[in-house]
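Chain by chain, the residues:
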Amino acid sequence: MISTPQQANGPATNILKVREDTDPFVFSLDESGAQRDSEPVPGWAEEDLDRPQLRSRIEPWLTSLVQADHLNLLVGSGLTTGMQHLARADVPKSMDAGRFNTHQEAISRAAKVSAEAARRETPNIEDEIRTANQLLRGLEILGDPAATPLAEDLRKVMIAFSASILKGERGLAIAGEGEREQAFTTLVAFLMSFASRTGTRDRLGLFTTNYDRVLEAGAELAGLHLIDRFVGSLSPIFRSSRLDLDLHYNPPGIRGEPRFVEGVARFTKLHGSLDWVDTGAAIRKVGVPFGAATLDPYLEVPGYTEADARRLMIYPNASKDRETAEFPYVELFRDFASAVARPNTVTVTYGYSFGDEHINRVLQDALTIPSTHLVVISYGDSLGRIMEAFEKWGHKSQMSLLIGPELADLTTLTKHYLPKPSIDFASRRMGELLRQRHGESNATSVRSKTDSATEVTP
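Predicted model only: the values in this text are computed from it and were never measured.

Participant: Teacher, can you tell me more about helix H13 (residues 410–417) here?
Facilitator: Note that an α-helix has 3.6 residues per turn; residues three or four places apart therefore point the same way. Burial runs high along H13: six of the eight residues are buried. All buried positions along H13 are accounted for by Leu-410, Thr-412, Leu-413, Thr-414, His-416 and Tyr-417. Those residues of H13 that are buried lie in contact with helix H1 (51–65), helix H2 (77–87), helix H6 (177–195), strand S15 (345–350), strand S16 (373–378) and helix H12 (405–408).

Dropping the structure here:
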């Protein structure tokens with residue numbers, strides 16, 4: 001099976017499969033040149049293999065895919081990691097096991113089984129929280145006195161877990177001005193490469209497994225309006241009965257023909273969010289500023305008396321699907337499945353490691369529809385989950401792969417490989433105008449010169 005390990009004495013491995021490729025092409029690329037690690041080498045890579053050649057191979061393909069009737073973008077933790085790297089921000093250390101005083105041995109044992117199922121060597125805090133939640137429910141049903149101390153342990157762990165997420169956000173917010181600006185400028189370019197869709201296409205479906213608000217911060221800077229299931233301004237409330245709302249405007253001088261407002265996407269946080277709380281009567285969104293040091297002041301609100309760390313709507317991924325069958329997660333995953341598994345749909349994943357079986361199942365089922373396509377963009381595949389899915393799912397012609405630092409580094413990806421829809425739209429309009437005025441030959445000549453002038457160098 002192909003994987004993307006870091007080579008001991010050389011550049012990192014990259015995996016590319018786009019267009020008519022039948023097999024992934026493995027290569028490495030650095031300042032000293034390119035190394036082809038696949039046999040046989042595809043015809044397009046036999047001679048030149050540099051960034052301009054890769055761009056000419058990848059960018060037109062992605063440009064055509066993102067203008068499909070339906071487009072979805074699934075973002076995993078790799079985006080936050082990439083942002084922290086760009087901003088040179090402090091990265092919170094991963095929280096290890098061993099924080100429960102009640103039934104610690106049972107929790108650790110079950111968490112280890114969960115980690116092994118996800119191909120991780122050691123369990124992390126997410127495995128423990130999921131296991132402790134399940135155990136607590138059982139103890140409460142049995143009326144076991146141990147439920148009380150376990151609930152207190154879980155509350156403390158959730159406080160620490162939410163604090164680590166806040167710390168990650170704060171690291172970005174207080175990073176050096178130049179690095180922070182570069183990071184968020186790159187994030188804006190990344191988002192708008194997918195969100196800049198023509199008015200005849202369905203809205204971008206933006207999904208994430210992250211608990212932080214990095215995507216929301218980027219969308220705000222980009223002027224991208226996110227439509228989710230929350231309704232209200234002061235204390236938005238989660239609504240199961242959300243209508244299929246959208247934003248339109250009436251062009252000047254035209255009545256009865258509303259058009260889509262540009263810069264709108266449908267947004268779903270599949271595993272919950274740092275600023276969602278269960279107040280007992282409803283799920284509400286709390287106005288926690290990006291970069292806040294603590295959640296406490298924002299939970300001290302009338303009506304939120306029962307909202308503590310245990311009521312934060314953060315549900316770490318589970319190897320089984322129990323959490324996804326409960327409110328509000330059943331609604332969120334219904335939105336995801338209905339958006340992904342429909343004809344003429346392209347789904348792009350970025351920074352998602354294929355570690356959630358409930359998400360993988362939806363992606364795999366969607367590929368049974370011949371007109372769907374899955375694009376996987378990832379900085380690496382150290383656990384081999386992506387390539388295992390590619391080999392076992394049996395729909396290789398409907399999958400494109402961009403794996404490795406050359407292809408998935410945020411800066412390189414947005415600068416060289418992702419489409420620029422707004423520029424492409426202007427280029428098409430220019431081409432049509434030239435054809436009308438000067439004929440096809442001149443339009444083709446000008447387009448050729450334009451393309452060559454915009455070629456990038458490694």
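After presenting the structure, the write-up continues.
Participant: I'm lost on the pairing of S16 in this one. Help?
Facilitator: Along any regular strand, the residues point their side chains to alternate faces of the sheet. Of all the six residues making up S16, six are buried; the element is thus mostly covered by neighbouring parts of the structure. Across the two faces of S16 the burial is the same, with His-373, Val-375 and Ile-377 and Leu-374, Val-376 and Ser-378 all buried. In this structure, S15 lies alongside S16, joined through five bridges in parallel fashion. Within the sheet, the bridge partner assigned to Thr-349 lies in S16 and is Val-376. For the crossover from S15 across helix H10 (residues 357–366) to S16, the handedness is right-handed. Judged from the five bridges that link them, S16 and strand S17 (residues 399–403) form a sheet pairing that is parallel. Paired with Leu-374 across the bridge in S17 is Met-399. Once the chain exits S16 it traverses helix H11 (residues 385–393) before rejoining the sheet at S17, and the crossover so formed is right-handed.

Participant: Looking at this structure, how should I read unusual backbone geometry?
Facilitator: Among all residues save glycine, negative phi is the norm, and among peptide bonds the norm is trans. Backbone geometry places His-103, a non-glycine residue, at a positive phi of 55°. Structurally, His-103 can be placed in the loop between H2 and helix H3 (104–117). Here Asn-344, not a glycine, exhibits a phi torsion of approximately 55°, which is positive.

Participant: Please explain the side chain of His-395 as it appears in this structure.
Facilitator: Inspection of the secondary structure puts His-395 in the loop between H11 and S17. Within polar-contact distance, the side chain of His-395 engages the backbone oxygen of Leu-367 at 3.2 Å.

Participant: Can you walk me through the sheet that holds strand S6 (residues 225–227) in this structure?
Facilitator: In any sheet, the strands associate via hydrogen bonds between backbone groups, in a parallel or an antiparallel arrangement. Read from one edge to the other, the open sheet built from 10 strands follows the order S3-S2-S1-S17-S16-S15-S4-S5-S11-S6, with strand pairing classed as mixed. With partners counted over all chains shown, the strands left at the sheet margins are strand S3 (33–36) and S6, one partner each. Across this sheet, the average inter-strand angle for adjacent strands is 25°, counted without regard to direction. Here strand S4 (residues 70–75) runs beside strand S5 (residues 204–208); their pairing, made up of five bridges, is parallel.

Participant: I would appreciate a short explanation of the side chain of Thr-345 in the present structure.
Facilitator: Mapped onto the fold, Thr-345 is located in strand S15. Of note is the side chain of Thr-345, whose polar atom sits 2.8 Å from the backbone oxygen of Arg-342. Sequence-distant contacts of Thr-345, defined by excluding residues within four places in its chain, comprise His-70, Asn-72, Ala-339, Val-340, Ser-371, Thr-372 and His-373.

Participant: Would you mind going over the packing of aromatic side chains with me for this structure?
Facilitator: Two aromatic rings are characterised by how far apart their centres lie and by the angle between their planes. Using the criterion set out here, one finds 12 aromatic pairs in the structure. With centroids separated by 6.4 Å and ring planes inclined at 55°, the aromatic side chains of Phe-238 and Trp-276 adopt a geometry described as tilted. Here Phe-238 is found in strand S8 (residues 237–238), whereas its partner Trp-276 is found in strand S12 (residues 272–278), with 38 residues between them in sequence. One aromatic cluster is present, built from ring pairs that chain together Phe-25, Phe-27 and Trp-44.

Participant: Help me out: how do you make sense of the environment of Arg-170 in this one?
Facilitator: Position of Arg-170 relative to the elements: it lies in helix H5 (residues 147–173). The class of Arg-170 is partly exposed, set by a relative accessible area of 35%. On a C-alpha basis, the gap between Arg-170 and Thr-294 in space is 9.9 Å, while along the polypeptide they are 124 residues apart. If sequence neighbours within four positions are ignored, Arg-170 has contacts with Gly-291, Ala-292 and Ala-293.

Participant: How should I be thinking about the pattern of salt bridges in this particular structure?
Facilitator: When the charged atoms of two side chains lie near each other, side chains of opposite charge can form a pair. What the rule picks out here adds up to 16 salt bridges. Notably, a salt bridge pairs Glu-331 with Arg-229, separated by 4.0 Å at the nearest N-O pair. Of the two residues, Glu-331 is situated in helix H9 (residues 329–340) and Arg-229 in the loop between S6 and strand S7 (230–231); the sequence distance between them amounts to 102 residues. Arg-229 carries the same exposure label as Glu-331, and that label is buried.

What counts as what
Residues numbered from 1 in each chain as written. Predicted model: local features only at pLDDT ≥ 70, side-chain atom pairs only at ≥ 80, totals over all residues. Heavy atoms only, no water. Buried < 20%, exposed > 50% of the residue type's maximum accessible area, 1.4 Å probe, protein only. Helix = DSSP H or I, 4+ residues; strand = E, 2+ residues; numbered from the N terminus. Contact = heavy atoms within 4.5 Å. Pairing = 2+ DSSP bridges. Right-handed = clockwise from strand over helix to strand, strands pointing away. Polar contact = N/O pair within 3.5 Å; in protein donor to acceptor, adjacent residues only side chain to side chain. Axes fitted to C-alpha atoms, helices over the stretch in contact; angles between N-to-C directions. Phe/Tyr/Trp six-rings, centres within 6.5 Å; stacked < 30°, edge-to-face > 60°. Salt bridge = Lys/Arg side-chain N within 4 Å of Asp/Glu carboxyl O.

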